Amino acid sequence: MRGTVSRKGWILFAVMCLVWGIPYLFIKVAVGQVSVPVVVFARTAIGALILLPLAIRSARQGGRARQGGGEFDVLRRHWRPLVAFAALEIIIPWGLLSEAERKLPSSLAGLLIAAVPIISVVTARLTGGTERLSPRRWAGLVIGLAGVAVLAAPDLSGGSAVAVVEVLLVALGYATAPLIAARKLADVPALPMTAACLSLGALVWLPPAIVTWPHRMPSGRALGALVALGVICTAFAFLVFLALIREAGTSRAMVFTYVNPAVAVAAGVAFLSEPFTVTIAASFALILAGSLLATWTARSPADSAVAADSAVPAGSAVPAGPADPVPVSRRRPPRLRSRSSDPASPAR
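Parameters and conventions
- Residues numbered from 1 in each chain as written.
- Predicted model: local features only at pLDDT ≥ 70, side-chain atom pairs only at ≥ 80, totals over all residues.
- Heavy atoms only, no water.
- Helix = DSSP H or I, 4+ residues; strand = E, 2+ residues; numbered from the N terminus.
- Contact = heavy atoms within 4.5 Å.
- Phe/Tyr/Trp six-rings, centres within 6.5 Å; stacked < 30°, edge-to-face > 60°.
- Buried < 20%, exposed > 50% of the residue type's maximum accessible area, 1.4 Å probe, protein only.
- Salt bridge = Lys/Arg side-chain N within 4 Å of Asp/Glu carboxyl O.
- Axes fitted to C-alpha atoms, helices over the stretch in contact; angles between N-to-C directions.
- Left-handed = near helix turned anticlockwise from the far one by under 90°.
- Nonpolar A, V, L, I, M, F, W, Y, C, P; charged D, E, K, R; others polar.

A. Expanded view of the environment of proline 117. Tracing the chain through its elements places proline 117 in helix H7 (residues 116–126). As for proline 117 and leucine 141, which are separated by 24 residues in sequence, their C-alpha atoms are 9.4 Å apart. Discounting residues that sit within four places of it in the chain, proline 117 has contacts with Ser291 and Thr295.

B. Inspection of the packing of aromatic side chains at higher detail. Using the criterion set out here, one finds two aromatic pairs in the structure. On the basis of an interplanar angle of 85 degrees and a centroid distance of 5.8 Å, the ring pair of tryptophan 10 and phenylalanine 13 is categorised as edge-to-face. Of this pair, tryptophan 10 and phenylalanine 13 both sit in helix H1 (residues 7–19), separated by three residues, roughly a single helical turn. Residue tryptophan 10 is classed as partly exposed on the basis of its relative accessible area of 42%.

C. How the structure looks around the pattern of salt bridges. Applying the stated criterion to the full structure yields three salt bridges. With a closest N to O distance of 1.7 Å, aspartate 73 and arginine 76 form a salt bridge. Residue aspartate 73 and its partner arginine 76 are located together in helix H4 (residues 71–77), separated by three residues, close to a single helical turn. A salt bridge links lysine 103 to glutamate 99; its shortest N-O distance comes to 3.4 Å.

D. Region of the structure containing the packing of helix H2 (residues 23–30) against helix H11 (residues 220–248). Following both chains from N to C, one finds H2 and H11 inclined at 145 degrees, their axes separated by 8 Å at the closest point. The crossing of H2 and H11 is left-handed. Each of Pro23, Phe26, Ile27, Val29 and Ala30 in H2 lies in contact with H11, whose residues at this interface are Arg221, Ala222, Ala225, Leu226, Ala228, Leu229 and Cys233. When grouped by side-chain class, the residues that make up the contact of H2 with H11 number 11 nonpolar, no polar and one charged.

Purely geometric stuff here, so don't read any function into it on its own.
Structure, rendered in structure tokens:
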């Protein structure tokens with residue numbers, strides 16, 4: 001978080017650390033009383049109901065300003081990659097994560113998801129990325145993957161092994177979806193894109209949710225968790241995220257992704273009495289260190305000069321990555337390096 005960050009920026013940053021660190025807690029509470037399809041449907045439907053009116057209003061204003069097709073016309077022209085993005089970012093991962101948390105502690109799920117930046121580096125290279133990996137970044141990959149191994153090893157038996165694989169598949173989806181967004185959806189506005197993805201997710205999960213709808217009213221605790229997932233961890237989180245990007249820039253805004261796992265662990269320990277062991281602490285340290293090293297990009301003198309002016313107002317140039325502050329114009333959104341630098345990703 002180099003440079004000057006306003007008080008508002010710090011407040012938004014703290015809020016993001018919280019609201020994207022606690023979904024694992026709410027999922028764990030909800031799946032104890034309702035089915036996985038109901039959990040995912042509730043989250044996507046509530047998020048869509050809140051964001052769709054805002055997206056429609058934004059699309060109308062954008063259409064009038066551009067004297068042409070609105071923002072939803074852009075969505076229609078990119079419907080194939082949009083569907084792929086929604087599947088890898090929301091529809092499949094949220095189902096797998098909810099199913100996994102039926103067997104795993106919420107804190108363990110949150111820590112495994114922390115491997116997303118590491119997986120992002122690997123997937124980018126395997127899908128045609130040309131960015132050179134320095135020895136430092138290779139070391140980060142090894143250290144981070146070692147942390148994942150240390151964390152997952154005690155649970156690689158029985159049903160827990162399946163749950164661990166499900167969470168790792170979630171991490172793979174979170175790491176792959178931004179590649180689609182960067183390469184195929186760079187011109188799609190973030191708010192309509194998120195609203196459309198959530199709406200599609202709600203439609204996909206509606207039939208299985210109806211089939212598995214609970215016969216008895218869930219407790220207030222479970223209902224509160226479902227509402228919190230949709231309102232706080234999805235719709236509200238996404239709006240705060242956009243505000244944080246406008247206030248502090250993309251690269252600074254994404255620092256909170258390294259804090260989320262700690263919040264997930266703290267929430268699980270405090271509210272669900274989940275264990276906090278030496279293994280968890282060691283694995284978190286390894287994953288965090290690996291993520292920082294694996295996503296490290298060397299800075300040139302020119303980059304340093306740009307970084308000095310990285311606190312930019314809304315609508316002006318914003319940094320493109322955590323350590324690569326290249327100005328990007330309003331007409332050309334920044335290309336995304338990983339899940340953690342994707343301003344269009346829905347809240348998780």
